[in-house]
Amino acid sequence: MKTQFLDAKTISALGSLKLVAEKILDGFLLGMHSSPMSGIGLEFNQYRSYQPGDDLRRIDWKMLARSDKYFVRECDVETSIGIRLILDASDSMRHEEDGMSKFDYARYLAGAIGLLSYRQGDQLGLQSLGEERIELPFLRSSQHLNRFLLTLEKLQAKGVWPKWEEVSQVFTAKRQRTMAVVFSDLYEIREEEEIKYFLKKISSLGNEVILFHLFGEREATLNYDEKLVEDLETGKRISIGDRKIRAAYRERFNAFMKSVELVCVENGVGYHAVALQTPLEKSLRTFFLERGKKR
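In this report, we go over the structure that sits alongside the text. (Residues numbered from 1 in each chain as written. Predicted model: local features only at pLDDT ≥ 70, side-chain atom pairs only at ≥ 80, totals over all residues. Heavy atoms only, no water.)

### Let's talk about the overall build of the protein
Next up, step 1: Per the secondary structure count, the protein includes 10 helices and 12 strands.
Next up, step 2: Partitioning the intrachain contacts of the protein with sequence separation of at least 6 by distance along the chain shows that 73% fall at a separation of at least 24.
Next up, step 3: For the protein, the accessible surface area stands at approximately 14,800 Å², while carbon and sulfur atoms represent 47% of it. (Helix = DSSP H or I, 4+ residues; strand = E, 2+ residues; numbered from the N terminus. Contact = heavy atoms within 4.5 Å. Areas by Shrake-Rupley, 256 points an atom, 1.4 Å probe, with all protein chains shown as cover.)

### Observations regarding the packing of helix α7 (residues 194-204) against helix α9 (residues 243-266)
Next up, step 1: At a minimum axis distance of 10 Å, the contact between α7 and α9 shows a crossing angle of 20°. Classified by the interaxial angle, the pair formed by α7 and α9 is roughly parallel. Remark: the crossing between α7 and α9 carries right-handed chirality. Contacts between α7 and α9 involve Lys-196, Leu-199 and Lys-200 on the former and, on the latter, Phe-256, Ser-259, Val-260, Val-263 and Cys-264.
Next up, step 2: Residues that form the contact of α7 with α9 fall into these classes: five nonpolar, one polar and two charged. (Axes fitted to C-alpha atoms, helices over the stretch in contact; angles between N-to-C directions. Parallel < 35°, antiparallel > 145°, perpendicular 65-115°, else oblique. Left-handed = near helix turned anticlockwise from the far one by under 90°. Nonpolar A, V, L, I, M, F, W, Y, C, P; charged D, E, K, R; others polar.)

### Focus on the sheet that holds strand β3 (residues 82-89)
The strands making up a sheet associate through hydrogen bonds between their backbones, and the pairing can be parallel or antiparallel.
Next up, step 1: Taking strand neighbours across the sheet as the criterion, the six strands line up as β7-β6-β3-β8-β9-β12 in an open arrangement whose pairing is mixed. Every other strand in the sheet has two partners, leaving β7 (135-139) and β12 (270-275) as the edge strands with one partner each. Going from strand to strand, the sheet's axes swing by 15° on average, the running direction of each strand aside.
Next up, step 2: As paired strands, β3 and strand β6 (residues 123-130) are joined by eight bridges and run parallel to one another. Residue pairing for β6: Asp-88 is matched across the bridge by Leu-129.
Next up, step 3: Its contacts with the sheet put helix α4 (residues 102-119) on β3, β6, β8 (178-184), β9 (208-215) and β12, and the angle it makes with β3 is roughly 170°.
Next up, step 4: Where α9 meets the sheet, it contacts β9 and β12, and its direction lies at approximately 170° from that of β9. (Pairing = 2+ DSSP bridges.)

### Observations regarding unusual backbone geometry
Next up, step 1: Of note, Asp-98 is a non-glycine position whose phi angle comes to about 55°, a positive value.
Next up, step 2: Even without being a glycine, Leu-186 presents a positive backbone phi close to 60°.
Next up, step 3: Along the chain, Leu-186 falls in the loop between β8 and α7.

### Notes on the packing of α4 against helix α5 (residues 142-154)
Next up, step 1: Between α4 and α5, whose axes approach to 10 Å, the crossing angle comes to 175°. One way to sum up the angle between α4 and α5 is to call them roughly antiparallel. On α5, the residues touching Arg-107, Ala-110, Gly-111, Gly-114, Leu-115 and Tyr-118 of α4 are Ser-142, Leu-145, Phe-148, Leu-149, Leu-152, Glu-153 and Lys-154.
Next up, step 2: The residue inventory of the contact of α4 with α5, partitioned by class, reads seven nonpolar, three polar and three charged.

### As for the packing of aromatic side chains
Next up, step 1: Tallying each qualifying case throughout the model produces seven aromatic pairs.
Next up, step 2: For the pair Phe-171 and Phe-198, a centre-to-centre distance of 5.1 Å together with 85° between the ring planes defines the contact as edge-to-face. Placement of Phe-171 in helix α6 (residues 164-172) and of Phe-198 in helix α7 is noted, with a sequence separation of 27 residues between them. With respect to burial, Phe-171 and Phe-198 carry one shared label: buried.
Next up, step 3: Cluster of aromatic residues (ring-pair linked, three or more members): Trp-161, Trp-164, Phe-171 and Phe-198.
Next up, step 4: Across from the ring centre of Tyr-118, 4.4 Å away, lies the NZ or CZ of Arg-140, which sits over that ring. (Phe/Tyr/Trp six-rings, centres within 6.5 Å; stacked < 30°, edge-to-face > 60°. Buried < 20%, exposed > 50% of the residue type's maximum accessible area, 1.4 Å probe, protein only. Lys NZ or Arg CZ within 6 Å of the ring centre and 35° of its normal.)

### A short note on the pattern of salt bridges
Next up, step 1: Under the definition given, this model contains eight salt bridges.
Next up, step 2: For Glu-131, the salt bridge goes to Lys-158, with nearest N and O atoms at 3.8 Å. Of this pair, Glu-131 sits in the loop between β6 and β7 while Lys-158 is found in the loop between α5 and α6, placing the two residues 27 residues apart along the sequence.
Next up, step 3: With relative accessibility at 48%, the residue Lys-158 sits in the partly exposed group.
Next up, step 4: Residue Arg-133 is joined to Glu-166 by a salt bridge in which the shortest nitrogen-to-oxygen separation is 2.7 Å. Placement of the pair is Arg-133 in the loop between β6 and β7 and Glu-166 in helix α6, with a sequence separation of 33 residues.
Next up, step 5: Classification of Arg-133 by relative accessible area gives partly exposed; the value is 39%.
Next up, step 6: For Glu-166, a relative accessible area of 44% gives the class partly exposed.
Next up, step 7: The structure contains a network of salt bridges with shared partners spanning Lys-102, Asp-185 and Glu-219. (Salt bridge = Lys/Arg side-chain N within 4 Å of Asp/Glu carboxyl O.)

Structure (structure tokens):
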């Protein structure tokens, strides 16, 4: 069965972020239902192949991580965890390619993850980091889910990523079994590398951390028709007409991506570089599999 992924035009027609999140989740589940379910021996008779309509909370995450196949437990009761979704709401996230901005991609994916987590019985929290800093506490109720989705819909990208000292209190509160999912392009205008430092800190506090590192395919190669580009956070306009400039940029961009991945590996952060051209359903699957590893 072929899954029809949402494109930017379809998403725009849907309008509501809640509808977009539901469509992304539906597309993800359709792909999951059509996946092969058999082929490995089961050690316990309480496991069986996942069937459409089964409660997602009963999926065995460790078996999924090992086999990439979906099984549910007949007897076990799963304990919920707190899922904190952290959005980079700085100006650079307004960068857009093929009708999709980094910030919209982050909001739509966060919405779908929120819906999936709610259906699995987890508590949801939300934090935006930019000029607008909104925090939603960990809760699980239909009212909280609606508030979560409405907050995502109203969020805007503006300003710069804050220093750790400005937001540390939000993340230093003790909490058991917390997973932090960060959406950012890792663009930093300060020499302190504040976002990399942030990832180190929240990981060191005992959180399980997943990073979706967002970028555009043309951003990665500087493949633009324009001879001048503007830095969205500083307003500075930069000439890119010279081939040597573009070649040097591509080299530096690749080095930057590798440096981010290295920081994540060194600090136990699940790292995923995601182009804006990647179907949102595929990125949701990435979260699903990553969470399976953490269980």
